[in-house]
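So you can see what is in the structure, the chains are spelled out below.
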Amino acid sequence: MASFPQRAAREAAGPLLVKLKETYGDALEVNIYDPRCFFWFFDLLRFSIRSEPTWILNGILLFRGIPAWEELKGKVDALLRHPR
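Summary of the structure given here. Predicted model, so just to flag it, every value in this text is computed and none were measured. (Residues numbered from 1 in each chain as written. Predicted model: local features only at pLDDT ≥ 70, side-chain atom pairs only at ≥ 80, totals over all residues. Heavy atoms only, no water.)

## Examining the overall build of the protein
As a reminder, the rule being used: Helical segments are the DSSP runs of H or I of at least four residues, strand segments are the runs of E of at least two, and each set is numbered from the N terminus. Computation of the radius of gyration draws on C-alpha atoms alone. For the globule rule, the value is 2.2 Å times the number of residues to the power 0.38. The cut-offs for exposure are 20% and 50% of the maximum accessible area for each residue type, with area from a 1.4 Å probe on protein chains only; residues under the lower value are buried, those over the upper are exposed, and the others partly exposed. What makes two residues a contact is simply this: any of their non-hydrogen atoms within 4.5 Å. In these tables, accessible area is a Shrake-Rupley quantity obtained with a 1.4 Å probe, and a residue counts as shielded only by the protein chains included in the view. For the purpose of charge, His is not counted, nor are the chain termini; Lys and Arg are scored as positive and Asp and Glu as negative. Note on charges: their place is set at NZ of Lys, CZ of Arg, CG of Asp or CD of Glu.
The number of helices and strands found in the protein is three helices and two strands. Helices and strands appear in the protein in the N-to-C order α-α-β-β-α. What you see for the protein is a C-alpha radius of gyration of 13 Å, in line with the 12 Å of a compact globule of 84 residues. With the principal axes as the frame, the protein shows a C-alpha extent of 40 × 30 × 20 Å. Put simply, the protein has 84 residues, and 27% of those count as buried. By sequence separation, contacts in the protein at least 24 residues apart represent 37% of the contacts at least 6 residues apart. Surface summary for the protein: the accessible area is close to 6100 Å², and the carbon and sulfur share equals 57%. Charge separation in the protein, taken as the distance between the mean sites of 12 positive and 10 negative side-chain charges, equals 4 Å.

See the structure below:
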């Protein structure tokens, strides 16, 4: 696992995913896309997803990389209150 690309980013995303589930429960559906899988080809192109974690909600790009929990929660709350 030491040579796994983006290992630290993926490990840092885990606690954020857990907090999302704890905070929003079934109100928020979380999907994890592997950029090596061509099943998601059009979404990968649309959002320019590479190897770093990319956070998208309702078709809107929120973050690339690992945001602080407060930043992520703030954007999720804003979009859930006022969907575009």
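After that view of the structure, there is still more to cover.
## Brief notes about the environment of I32
With respect to the helices and strands, I32 occurs in the loop between helix 1 (7–24) and helix 2 (41–46). The spatial distance from the C-alpha of I32 to the C-alpha of T54 is 9.5 Å, given a sequence separation of 22 residues.

## So, the pattern of salt bridges
Note on pairing: side chains with opposite charge can pair once their charged atoms come close. The following threshold applies: By definition here, a salt bridge exists when the distance from a side-chain nitrogen of Lys or Arg to a carboxyl oxygen of Asp or Glu is within 4 Å.
Inspection of the entire model under this criterion finds two salt bridges. As a salt-bridge pair, D26 and K21 come within 3.3 Å of each other at their nearest N and O atoms. What makes D26 exposed here is its relative accessible area of 74%. K73 serves as the salt-bridge partner of D77, at 2.8 Å between the closest nitrogen and oxygen. In this pair, D77 and K73 are both assigned in helix 3 (residues 69–81), four residues apart and thus about one turn of the helix distant.

## Some details on unusual backbone geometry
The phi dihedral of S48 is positive, around 50°, even though this residue is not glycine. Summarising the element assignment, S48 is placed in the loop between helix 2 and strand 1 (54–57). Since its relative accessible area comes to 35%, S48 is described here as partly exposed. Residue N58 is not a glycine yet carries a positive backbone phi of 50°.

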